[in-house]
Amino acid sequence: MVTYRPKKIRWVAIPIAVAVAVLFTVLSFGLKGSAGFDNSGSFQRGDQAAMIGLGILIGLGVLAFLRPRVIADAEHIKVRNVVGGYDLPWSVVRKVRFDRNSPWAQLELLDDEQISVHALQAADKDYAVEGVRTLRKLHAAAVAA
């Protein structure tokens, strides 16, 4: 069984998520005084808490880009992308593709559908190529059996 997850996205997503949460927290402390031009309202502690909560939610949204994963063995392949996922037997996969200008690998299915494999991204270079080669070997062994 092999498992692949994107690597370089971690270097980007984690600092951005932390920075967004910190930024919204710092901005929340600036919410004081009147809330409009005609002084019809004012910011309260609840507004500050909401701003911090919003920063945390946006940070968690950024961390969703760490979700992609592909797990494969001799019988099937599980693909989990940022949104959605698939659990497929190798028998429905025609080939594993990683085109030169593609941002990530793809599975070409027998019914002419294509499934993106976000866990193997072009930005990861050799790691992604190694992952695609491994998936191709597993696919070839499953089809030959």
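Scoring rules and cut-offs
- Residues numbered from 1 in each chain as written.
- Predicted model: local features only at pLDDT ≥ 70, side-chain atom pairs only at ≥ 80, totals over all residues.
- Heavy atoms only, no water.
- Axes fitted to C-alpha atoms, helices over the stretch in contact; angles between N-to-C directions.
- Helix = DSSP H or I, 4+ residues; strand = E, 2+ residues; numbered from the N terminus.
- Parallel < 35°, antiparallel > 145°, perpendicular 65-115°, else oblique.
- Contact = heavy atoms within 4.5 Å.
- Nonpolar A, V, L, I, M, F, W, Y, C, P; charged D, E, K, R; others polar.
- Patch = residues over 30% accessible without salt bridge, like charges linked within 9 Å, V, L, I, M, F, W, Y side chains within 5 Å.
- Areas by Shrake-Rupley, 256 points an atom, 1.4 Å probe, with all protein chains shown as cover.
- Salt bridge = Lys/Arg side-chain N within 4 Å of Asp/Glu carboxyl O.

### Topic: the packing of helix 1 (residues 8-28) against helix 2 (residues 45-63)
The interhelical angle for the contact between helix 1 and helix 2, taken along N-to-C directions, is 170°, at an axis separation of 8 Å. What the angle tells us is that helix 1 and helix 2 run roughly antiparallel. In contact with Ala-13, Ile-14, Ile-16, Ala-17, Val-20, Ala-21, Phe-24, Thr-25, Leu-27 and Ser-28 of helix 1, helix 2 contributes Gln-48, Met-51, Ile-52, Leu-54, Gly-55, Ile-58, Gly-59, Val-62 and Leu-63. Residues belonging to the contact of helix 1 with helix 2 are distributed by class as follows: 14 nonpolar, five polar and no charged.

### Some points on a nonpolar patch on the surface
Side chains of Ile-14, Val-18, Val-22, Val-26, Ile-56, Leu-57, Leu-60 and Leu-63 sit close together on the surface and give an oily, nonpolar patch of about 710 Å² of accessible area. At the level of elements, helix 1 and helix 2 are the ones that each hand at least two residues to the nonpolar patch. Relative to the assigned elements, Ile-14 resides in helix 1.

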